[in-house]
Amino acid sequence: MTFWLKHIPILLISMLLAAPTLRAAQEATFLLSDHIDVLEDGSVIATGNVEATARGHTLFADEIQYDPETDKIIVPSDHVIYLEDGTVLHSQEGYSTAGMSELFLKDMRTLLEQRLQLSAGSSTRANSGITRMTDVRMTACKVCNPDVPPIWEIRAPSVIHDEERRFIYLRHARFKVFGLPVLYTPWLRVPDPTVDRATGFLPPEVRWTNHVDWGVKLPYFINLSPHHDITLTPYLTPNSRVFTAVYRRAFRRGTLTITGSYANDDIIEDPRASLIIDGSFKIWQDFNLSVHAEAASDDAYMNEYGVDSSTRRETSISVSRIRFHDAVSAQYTYYTPLRGRQDDMYQNNVFLGRAEIIDDTPIFGDTVTLSAFARSFDRGSNADITGRDMRAVTVSGRWHDTSILGNGLSISTQVGATLQTFGLTDDSRFGDQEQLFSPYAAVSLEWPQHITGPLGDLVFNPQMSLITRRGVAANSDLFDPVVVELDDVSYLGAETVAEYSPSVDGLRVSSGFELERLGTKSYARFSLGRVFLNDVDTQMQRQMSSWILGAQYAHTSGFDSIASALADQDGEIQRAEVISSLALGTFTLGLDYYFVQEDPVFEISQSISEWRGSLGWAWNNSFNIKTSVSYDNVQEDFTKGTWGIFYKLDDPYISIVTDFSYNFRDISQNEYNVGLNYRNECVDFLVLAKLDNDEDSDLDPASVFEFKVDFLGYTSSSNSVGSRKCKS
């Protein structure tokens, strides 16, 4: 309150004494200062905490002068101007017209959108939003010491900033990196930091591969409208000319992306091309439509030129709707694998189709599921058995209901049926068409109990399930056996086998229990179950009539171990796995064991026993090393080794990732990946190197090196991730 009482008399006096002159000259200018002198010729001198406001702009200075003859406000010393849009201008001296419609500044400095720094020897800003500058230095890098050049900067003797069009125009621009000139252009236009999308060149990318040698990509972005754009990228190499176009369009209820590429090279005489389409749309009644399609003139084209590095070509379309009480989905997928196609036993083309309806409205009880699944597998060979082609359709329906009684007993009931139809060629063991119809019914019980005793609080959960299924098939050997995951929790449940194992025929009863203890520092779990089969003639008999054992222990000290085992009715172990880990400060140790017994049903010709050890070291949550090695106990030989290094900092952002995979038995399966990413407030530097020796595909072993530098700060899409701070 004291401040305003001190300034009000000075303000009123200045307005009264100079009202005839100032009112016409300054119009809507508001002046506030510690002291104001009005001279006989009408000049005004304001000193001490001067604040002048006009047209939404505010000027702060130690002194300003008003000259009635030129109708200018003169600022002879350092001052700051806050423009109406929030931009802050710093200047050592300058002047403006009355009302601040035009600003004339010397040694001006500003920061646009808190990203792009501009300094100019002189600057003239008109009320139209056009600013003309001379002797300009422009950078988005943090400048802590003016004597040290930034990572990058642009210098130009003449620059125009058009705020309405949101572009910066530079003449005779010189681009410098660490103070060294690297590029000159007589004319350059760049978007100012308020622009999200602007037509122009994007950062180039340098790429080397063992297929096409060194090359450079020069992407050019064209902003067609706020809702669609296209990026044109010529890719120039010594032996090829490649052109890629990416069209993107946003609709009110979806998006569409089309990527096309065309090449002439020395690898193949004929022209090469590819096309990829991706779309996602919201359609009628909350349904979602997704589309993906891709095609290429030859299998290796997209991988060699970095268009797509996947190992298969896929076309798919799906429609889905998920709501609180129901879900509907349908999907069609057709893909061509690129691995192993030189072997005629591998599939050349694969077709998959699926439709499913799930409803849990009260009309039908708990849940009703209707599904249909169609698939087709074509091999390149016409040889008997090994060249078998197959087409199959599976239709199933299921009703499922779960009730929990007042005493905690959970009763789950389900009834369903499955119909499978197979069409076969190139296999003399079967007819042209085989069918299997398999109705089933199941019920499962769970009754968890809380027990308090010498061992603390325990949860004892006895479980029991009963499944009856009757399969009617002309040749049951045709139908693939279903591998049930080695999980003691799901293995005893009715759903695991009832719906997904049509080869189970007859009565299946499973019973067991689970015992859990949750302490303040540890968790322990033990489970034991038995599966009984009655009057069953099925290829799954030995796997299903078995014992299941599970155990888990975890402690806050860092030790964690989980084990599962499956034994047949004679007690012989068929499958087993133990996964253990121990954290000791910054070190992490792991030891895993896997065992699978010889099983002709699943075409396992000999037992598999493997140890896998791993070691990890992490330092300060920023640097860690991981390595692992696998040892085959049956073959008495190492099978595979991996190791990786990960390093990350946030200020500035630095990420180093290495990933090596070495196959001791077959070096053609080795893979090596190295990546380096450095990012701060003004530059994003990325280097990637990859070596893939996989010879089990139509793709030649690939070595790829990519290098990309993006100079940040021009557009609003740039962010402050990894922004550096000046040291005091």
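Below you will find a few notes about this structure. Per chain, residues are indexed from 1 in the order of the written sequence. Owing to the predicted nature of the model, reporting of local features is limited to residues with pLDDT of at least 70; listing and counting of side-chain atom pairs is limited to 80 or more, with chain, interface and lining totals taken over all residues. Think of the side-chain values as coming from all heavy atoms in the structure, minus any hydrogens and water.

Let's talk about the overall build of the protein chain
Thinking step 1. Here a strand is any run of E in DSSP of at least two residues, a helix any run of H or I of at least four, and the numbering for each starts at the N terminus. Helix and strand counts for the protein chain stand at 6 helices and 46 strands.
Thinking step 2. For every residue, the accessible area (1.4 Å probe, protein chains only) is compared with the maximum for its type, and the residue is labelled buried under 20%, exposed over 50%, or partly exposed between those bounds. Counting only residues that meet the buried cut, the protein chain has 38% of its 728 residues in that class.
Thinking step 3. A separation of at least 24 residues holds for 43% of the contacts in the protein chain among residues at least 6 apart in sequence.
Thinking step 4. The accessible surface values rely on the Shrake-Rupley method and a 1.4 Å probe; as for residues, cover is taken only from the protein chains in view. By element, 58% of the accessible surface of the protein chain is carried by carbon and sulfur atoms, the whole surface being about 39,300 Å². Any pair of residues with heavy atoms lying within 4.5 Å of one another is described as a contacting pair.

Remarks on the pairing of strand β29 (residues 410-425)
The side chains of a regular strand alternate, residue by residue, between the two faces of the sheet.
Thinking step 1. Pairs of strands are assigned from DSSP output, requiring at least two bridges between the strands. Examined bridge by bridge, strand β28 (residues 389-404) and β29 share 16 bridges and lie antiparallel to one another. Counted as the bridge partner of M390 is L424 from β29.
Thinking step 2. Here β28 hands over to β29 after 5 residues, with G408 in that stretch at a positive phi of 95°.
Thinking step 3. Bridge analysis of β29 against strand β30 (residues 433-446) gives 14 bridges, and the strand direction is antiparallel. Note on β30: the bridge partner recorded for A417 is P439.

Observations concerning a nonpolar patch on the surface
Thinking step 1. Together, V393, V395, L419 and F437 give the surface a local cluster of nonpolar side chains, amounting to about 320 Å² of exposed area.
Thinking step 2. Note that L419 resides in strand β29.
Thinking step 3. Taking the relative accessible area as the measure of exposure, L419 reaches 36% and is therefore partly exposed. Surface patches are defined over residues having more than 30% relative accessible area and no salt bridge, joining like charges when they lie within 9 Å and nonpolar side chains (Val, Leu, Ile, Met, Phe, Trp, Tyr) when within 5 Å. Salt bridge, as used here: a side-chain nitrogen of Lys or Arg that lies within 4 Å of a carboxyl oxygen of Asp or Glu.

A look at the environment of I130
Thinking step 1. Positionally, I130 belongs in strand β11 (residues 130-139).
Thinking step 2. The spatial distance from the C-alpha of I130 to the C-alpha of D162 is 4.8 Å, given a sequence separation of 32 residues.
Thinking step 3. Contacts of I130, omitting those with residues within four sequence positions, involve T124, R125, I160, H161 and D162.

Concerning the side chain of Q420
Thinking step 1. Checked against the element boundaries, Q420 lands in strand β29.
Thinking step 2. Definition of a polar contact: a pair of N or O atoms within 3.5 Å, with one able to donate and the other able to accept a hydrogen when the atoms are protein atoms, and with sequence-neighbouring residues admitted only if both atoms are side-chain atoms. A polar side-chain atom of Q420 sits 3.5 Å from a polar atom in the side chain of T394.

Just distances and angles here, no functional claims.
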